[in-house]
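What follows is each chain in one-letter form.
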Amino acid sequence: DGPAIICIHDKGKSAAQFAELLPHLGPRVLAPEWQIDSEDSKKGADMTNAQRLKQLVDYLGIAKVSIFGIDTGAVIAGQFKHANRNRVASLVLLNMRSDYSEASYKKAVKKDPGIVMQFMLGPFFTYYLGDIAAPKEQQYKMCKNIGKTTLMWPLHVKGKSDKRPELPGTKIVFGMRDAMKATFVDSHQMKPEDLAKAVMKGI
């Protein structure tokens, strides 16, 4: 037995993104393949998958489901929660795109110097934060009223662990955490089994 968990992978990925985690997530976990054509949540493109998730949950006869979403998958999880508030037991939202070791960060920056800004403009921020240039009272709207949530985010600078709360990026992340009233987990370079344990604790 155990909680019913549905996993949603990132755009451009597949269910294989959960391969090392699934053995640790209990017997009632499902990691389907999602067709994510766009991550532009401002245009509502991802609502198609939120609707597919609703159909899946209905088909399985699950009254309340826990959802584990990675990056774009975390956006879809939030959209499903806002549209189906009574069908979600908990959310676990993981930023995996910006999780680098020092070596992998150097390699990524060498390949694309704009990689840092790409994650700042990624689906997590554009959906949950909104317009970073907007007045503060207009930000974080999609973080509110989403119930039991665990926000997992890698805290680092250039791949080296750095938990200083005064860092600009960390301030934004903690702003999301506070608006969500979420449990926060620093997921920087976590081993799969430890990552899975944190997910299960959040469920």
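Right above here is the structure, for reference.
Residues numbered from 1 in each chain as written. Predicted model: local features only at pLDDT ≥ 70, side-chain atom pairs only at ≥ 80, totals over all residues. Heavy atoms only, no water.

1. A few points about the overall build of the protein chain
Then, number 1: For the protein chain, the count of helices and strands is seven helices and eight strands.
Then, number 2: Here the protein chain has a C-alpha radius of gyration of 16 Å; the compact-globule value for 203 residues is 17 Å, and the two agree.
Then, number 3: Seen through its principal axes, the protein chain has C-alpha atoms that stretch 45 × 40 × 30 Å.
Then, number 4: Relative to all contacts within the protein chain whose residues are 6 or more apart in sequence, the contacts with residues 24 or more apart total 73%. (Helix = DSSP H or I, 4+ residues; strand = E, 2+ residues; numbered from the N terminus. Rg over C-alpha atoms; globule rule 2.2 N^0.38 Å. Contact = heavy atoms within 4.5 Å.)

2. Some remarks on the sheet that holds strand β5 (residues 149-153)
Then, number 1: The six strands lie next to each other as β2-β1-β3-β4-β5-β8, forming an open sheet whose pairing is parallel. Edge strands, defined here as strands with exactly one partner in the open sheet, are β2 (29-30) and β8 (183-186).
Then, number 2: On the sheet, helix α2 (residues 72-83) packs against β1 (5-8), β3 (65-70) and β4 (88-94) and is oriented at approximately 145 degrees with respect to β3. (Pairing = 2+ DSSP bridges. Axes fitted to C-alpha atoms, helices over the stretch in contact; angles between N-to-C directions.)

3. Notes on the environment of K106
Then, number 1: One can find K106 in helix α3 (residues 102-111).
Then, number 2: Residues K106 and H156, spaced 50 residues apart in sequence, show a C-alpha to C-alpha distance of 13 Å.

4. Considerations on unusual backbone geometry
Then, number 1: Phi is positive for N145, which is not a glycine, with a value near 60 degrees.
Then, number 2: Positionally, N145 belongs in the loop between α5 (123-129) and β5.

5. Some words on the nonpolar core
Across soluble globular proteins, nonpolar side chains have a tendency to be buried as a group.
Then, number 1: Judged by nonpolar contacts, the single largest core of 38 residues is most densely connected at I67, L93, L151 and M176.
Then, number 2: Elements represented by at least two residues in this core include exactly β1, α1 (47-60), β3, α2, β4, α5, β5 and α6 (168-180).
Then, number 3: For this core, the leading source of residues is α6, giving six residues.
Then, number 4: If near-sequence neighbours (up to four positions away) are discounted, M176 is found in contact with F124, F125, Y128, L129, Y140, C143, L151 and W153. (Core = buried A, V, L, I, M, F, W, Y, C linked by side-chain atoms within 4.5 Å. Buried < 20%, exposed > 50% of the residue type's maximum accessible area, 1.4 Å probe, protein only.)

6. As for the pairing of β4
Then, number 1: With six of its seven residues buried, β4 lies for the most part within the structure.
Then, number 2: In this fold, the crossover linking β3 to β4 by way of α2 has right-handed handedness.
Then, number 3: Across four bridges, β4 lies against β5 in parallel orientation. For V92, the partnering residue across the bridge sits in β5 and is T150. (Right-handed = clockwise from strand over helix to strand, strands pointing away.)

7. Examining the pattern of salt bridges
Then, number 1: Tallying each qualifying case throughout the model produces six salt bridges.
Then, number 2: One salt bridge in this structure joins D58 and K54, with 2.7 Å as the shortest N-O distance. Of this pair, D58 and K54 both sit in helix α1, four residues apart, which is roughly one turn of the helix.
Then, number 3: With its nearest N and O atoms 2.8 Å apart, the salt bridge here joins D162 to R164.
Then, number 4: Using a relative accessible area of 15% as the deciding quantity, one classes D162 as buried. (Salt bridge = Lys/Arg side-chain N within 4 Å of Asp/Glu carboxyl O.)

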